Each structure stands twice: as C-alpha cells, then as structure tokens.
Amino acid sequence: MTMSVRALPPELAEKARKELNEDPSRINSDIQHLKDWLSKQPHLRARTDDQWLLSFLRGCKFSLERTKEKLDLYYSVRTTAPELFSIKPSNPLFDEILSLGAILVLPKTATSDSPRVSIIIPGRYDADKYNISDVMAVSLVLQKIIMMEDDNAMVAGILSILDLDTVKIGHLLQMTPMFLKKMVVASQDALPVRLKGTHYLNTPTGFETVFNAVKALLNEKNKKRLYVHNQNYEEMYKYIPKDILPVEYGGNGGSIEEIIDYWKKKVKEYSDWLEEDDQYGTDESKRPGKPKTAEDMFGVEGSFRQLEFD
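Residues numbered from 1 in each chain as written. Predicted model: local features only at pLDDT ≥ 70, side-chain atom pairs only at ≥ 80, totals over all residues. Heavy atoms only, no water.

### Section: the environment of D126
- In this structure, D126 sits in the loop between β3 (116–120) and α6 (132–149).
- Along the primary structure D126 and L100 are separated by 26 residues, whereas in three dimensions their C-alpha atoms are 9.4 Å apart. (Helix = DSSP H or I, 4+ residues; strand = E, 2+ residues; numbered from the N terminus.)

### What to know about unusual backbone geometry
- The backbone of K61 sits at a positive phi, close to 50 degrees, despite the residue not being glycine.
- With respect to the secondary-structure elements, K61 resides in the loop between α3 (50–59) and α4 (64–80).
- Look at K61 and you get partly exposed, because its relative accessible area is 30%.
- Although it is not a glycine, N202 adopts a positive phi angle of roughly 50 degrees.
- Tracing the sequence through the fold places N202 in the loop between β5 (195–201) and α10 (207–217). (Buried < 20%, exposed > 50% of the residue type's maximum accessible area, 1.4 Å probe, protein only.)

### Focus on the UniProt feature "domain: CRAL-TRIO" (unreviewed entry) in the chain
- Residues given the UniProt feature "domain: CRAL-TRIO" (unreviewed entry) here are residues 93–257.
- Along residues 93–257 the backbone is 44% helical and 16% strand, and the end-to-end C-alpha distance reaches 18 Å. (UniProt positions renumbered as here; feature names shortened; annotations may be inferred.)

### So, the sheet that holds strand β2 (residues 103–105)
- The strand order across the open sheet formed by five strands is β2-β3-β4-β5-β6, and the pairing between neighbours is mixed. Of all the strands in the sheet, just β2 and β6 (226–230) have a single pairing partner and so form its edges. Direction aside, the axes of adjacent strands within the sheet are offset by 20 degrees on average.
- In terms of strand pairing, β5 meets β6 through four bridges, oriented parallel. Looking at β6, one finds that H199 is bridged to Y227.
- Sheet strands in contact with α10 are β5 and β6, and its direction is about 170 degrees off that of β6. (Pairing = 2+ DSSP bridges. Axes fitted to C-alpha atoms, helices over the stretch in contact; angles between N-to-C directions. Contact = heavy atoms within 4.5 Å.)

### Some remarks on the nonpolar core
- Grouped together as the largest cluster of nonpolar side chains are 94 residues, with contacts concentrated most on W52, V77 and L245.
- Tallying contributions element by element places α6 first for this core, with twelve residues.
- Residues contacting L245, with those up to four places away along its chain left out, are L106, I119, I161, M236, Y237, I240, G251, N252 and G253.
- In this structure, A16, L20, V155 and A156 belong to the second largest nonpolar core, which totals six residues. (Core = buried A, V, L, I, M, F, W, Y, C linked by side-chain atoms within 4.5 Å.)

### Observations regarding the pattern of salt bridges
- Per the stated rule, a full pass over the model turns up 27 salt bridges.
- Across the salt bridge formed by R26 and D30, the nearest N and O atoms sit 2.9 Å from each other. Of this pair, R26 and D30 are both found in helix α2 (residues 24–39), four residues apart, which corresponds to roughly one turn of the helix.
- The class of D30 is buried, set by a relative accessible area of 5%.
- Measuring nitrogen to oxygen at the nearest pair gives 2.6 Å for the salt bridge that ties E284 to R287.
- Overall, the relative accessible area of 9% leaves E284 in the buried class.
- By relative accessible area, which is 11% here, R287 ends up buried.
- Beyond isolated ion pairs, a larger network of salt bridges with shared partners links R47, D49, R78, K144, E276 and D277. (Salt bridge = Lys/Arg side-chain N within 4 Å of Asp/Glu carboxyl O.)

Right under this line is the structure:
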C-alpha cells in the first residue's frame, strides 16, 4: 500500500535520516502499523491521514512505542484540557485573536533545513479582554496546520521568541501555575514537535517568577534551551538570523500584518479539515484500565501555590 506523504527536499531528508532515524523504505509499514493499532483502541478517536501520522513518527524519532504514547497523550489532552481547544476557526473570536498578531509563525527559515521560528508577543493582546488560554487555543490550531504541511518544523523543529515588551501585570497573573502546567503538557509532552529553544526578549519586572515556574515544569533538555536576552538583540541573532524576522524587528521576513494575513488565508484553506478535526479526542469511559483525568495529568487545582508578584 502506498501512503500519500510528501517527499522531503534533499537537505531535510538527510537531517531526518541522521537525527530522526527516518528510513523512507519503512515509512509505509510504520504508518500502517499505527493505523492498525489505532483501530484497536476503543477509547481513541484519532486522525489517520498519512502525513499526520508521519508527523507523530518524526516527533518520536520513529519509535513506534513512543509514537503510540504521544498519540494517546495528544488526544487525551483534548479531553482533559478542553479550554485549550475551545476556540474554533468558525468562532469570530478566533479571527479577532489571530488578527492581534500575538502569535506569529514566520514564513522564512534561516536555511533550507533550519527550524521554523515563531514569535509570541503577549503584549499585543489586552489581558482585560482576552485570556491566555484562548490565545493558546488559537496557536494550537496553527500547530495542526504546521503538522500537516511544514517539513522544516516537523523535521528540524521549532524555535520560539517570547517578546515580553509592554507585558503588564494582568498578563502575568493569567499565567497561573495550573495554566503553565497545562501549557507544558500540551506543548512539550503531547505535540510531536522538537522544541529547539525559547529566546526571551524585553523581560519585565515579575518575569523571574513566571520564568522559574515554567523552568521547573520542563524536562532537562528543554531547561537547557531557555535563553534570556532581554534587550540584547545582537546576542539573539547568533541563534536566529535577523534577516528572517519581521520588518518591525529589523528583518526582511515581511511585516507583522502580512504574516497575519498569510495565516488567515491558510486557516481558511484548511477550514473543512479543521472542522472535521473537532470530532477527534478520547472517550475516557472506554479506555482499557483506568480513565485519564485532568487531576492525573495536571495535578489538583488547589495544590499549586499561587505565584507571588512583588
């Protein structure tokens, strides 16, 4: 059976072979193995597009066992943290949040086999009007599209810039320990994406508190990939070339408005696919053994000490 997956360009194919154990001759049988396995899981309603499953294989370096665990976790999070998946592209709020430019996935990469770069700018949303979990919900929709079509992101990984310019105390207060835990499980643990590092810019007072809380939740590998540059942009350019950044950051990667428009069009193109995607998740009452609950996955709401901001 031939699977419908995109061939990688040569440089990425080489990276996938060296870093992800990708063997083109095994892709078909690995995807078929996952389809057979999924069909036997009474609690899992999962997508079975070939390209989608290949993204999970790549994110787990082609270990079938790890891929199954990640697929299960990815769909479990939809059930246990529904607020991270509550804003659908058909909801006017989705378009409103996307238009703010608080989440930018850049069109350019440094080289043909470099990671994708995203910029998160919380200061672009009004914390009195929007909640961080709604912003996260929008970013997870973009992430689905990335998993279907962005080979740089799925093979080389994603680098993030977190620009905290004009962030106010209201933004920081939304970053409750429970939200941070859900965010880390939904991104670090459940997404089949190699997180290649986060670069912090323009860090405000109170930043250390959130930074330390996030750091405590990350695995060892990701703890080592946090870079606080504050206003030292030159230092960041050693990792992320200035050229690929938006015009507003002194780069040649299009304006923030153009990047927003690009993603609005992309979400429209995927509208049927995204609508269909809402049906997937887990039915915990049918899970063999013990059902997964939010408490199992994220801890009990009251057990976290609230973050103290001086």
